[in-house]
Amino acid sequence: MWKGIWKLRLPNAVKNFLWCLVKGILPVRTNLIKKGMSIDPCCPLGFSTCESENRLFLNCNIVKLVWFAPSLGFCIPNNTGVREWLLNWFRCSDDRGLVLACATVWKIWQARNSLLFQHKPFTPLEVAKNALAMAAEVLDISGTHGAGGLELGLSVPLGVDFVVPVDAGCFPDGSMGWGCVVKDSSGAVCFSACKKQHISVLVIVVEAMGVRFVRRAYIAEAHELVGFARTFGNKTWHNLYPSV
């Protein structure tokens, strides 16, 4: 499998990461505990179970939102580990899907580390966008939709009265943040808000947070409000967008 990894049109850092992943030596918390380290074994994204490779990259409810993002659209197997799943991608003839799958696990790993060490919110749509951008850059492709096509987003329907970009993310302390902006047909801000809650992450709740079937440019402001939620908690603004 190393030959297949080395042939990928991806940076060497990603190839080395993939090799550690398939060998089962990635420094996730269960592996570190096996090495004798005394640390909290819980997954830093959901805090509900131990962090293993399968949990972090496939089974975590928040990570599932990355794979299910409209720009990616991957189908995650229920009874297959991440190493076996990647091996199946190497065996198939879908080179684009393989690169996108590898780019996605890499971006999930980077976002996980940013959450742990830099306290940056883990935002599923942001991770999916970054993975898609990496794959598109590597393959020099833009256009069609899905895991084999690499579409960069969906357009907002014309003729609507209001547009409501929404984004959400999780913080290192286990809390969740939301942000939304309401704009009229001229693009003027009518209302903006952020919200912070300490809640357990349920699949139905997290999926409800992911109402984001628009291009990333349309939710940039909502994404920034997620960070505002971490600082300000629950807050609303009428006829303006906050600035700090």
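No experiment lies behind these values; they were computed from the predicted model shown. (Residues numbered from 1 in each chain as written. Predicted model: local features only at pLDDT ≥ 70, side-chain atom pairs only at ≥ 80, totals over all residues. Heavy atoms only, no water.)

## Structural notes on the pattern of salt bridges
Any two side chains of opposite charge can pair if their charged atoms end up close together.
Reasoning step 1: Under the criterion given, the structure shown has 3 salt bridges.
Reasoning step 2: In this structure, the salt-bridge partner of Arg 83 is Glu 53, at a minimum N-O distance of 3.7 Å. Note that Arg 83 is positioned in helix 6 (residues 82–91) and Glu 53 in helix 4 (residues 53–59), a separation of 30 residues in sequence. (Salt bridge = Lys/Arg side-chain N within 4 Å of Asp/Glu carboxyl O. Helix = DSSP H or I, 4+ residues; strand = E, 2+ residues; numbered from the N terminus.)

## A short note on the nonpolar core
Reasoning step 1: Counting 49 residues, the largest nonpolar core has Phe 57 and Phe 122 as the members making the most contacts within it.
Reasoning step 2: Of all the secondary-structure elements, those providing two or more residues to this core are helix 2 (12–23), helix 4, helix 5 (61–67), helix 6, helix 7 (95–118) and helix 8 (124–139).
Reasoning step 3: The element that contributes the greatest number of residues to this core is helix 7, accounting for 12 residues.
Reasoning step 4: When neighbours within four sequence positions are excluded, Phe 57 is seen to be in contact with Phe 17, Leu 21, Leu 26, Val 63, Trp 67, Val 82, Val 105, Ile 108 and Trp 109.
Reasoning step 5: Among the nonpolar cores identified, the runner-up in size contains 7 residues, and Val 181, Val 189, Cys 194 and Leu 225 belong to it. (Core = buried A, V, L, I, M, F, W, Y, C linked by side-chain atoms within 4.5 Å. Buried < 20%, exposed > 50% of the residue type's maximum accessible area, 1.4 Å probe, protein only. Contact = heavy atoms within 4.5 Å.)

## Here we look at the confidence of the model for the protein
Reasoning step 1: Of all residues in the protein, 76% attain a pLDDT of 70 or more, and the chain-wide mean is 78.
Reasoning step 2: No element of the protein has a lower mean pLDDT than helix 9 (residues 203–209), at 47, and none a higher one than helix 2, at 95.
Reasoning step 3: Across residues 142–158, where pLDDT falls below 50, the model places 46 contacts with residues more than four positions away in sequence or in other chains. (pLDDT = per-residue confidence, 0-100.)

## Description of helix 8
Reasoning step 1: With 16 residues, helix 8 ought to run about 22 Å at 1.5 Å a step, and its terminal C-alpha atoms sit 22 Å apart, in line with that.
Reasoning step 2: Among all positions of helix 8, only Pro 124, Leu 125, Val 127, Ala 128, Ala 131, Leu 132, Met 134, Ala 135, Ala 136, Val 138 and Leu 139 are buried.
Reasoning step 3: Among the residues trailing helix 8, Asp 140 stands out with phi positive, at a value near 55°. (Expected span 1.5 Å × (residues − 1).)

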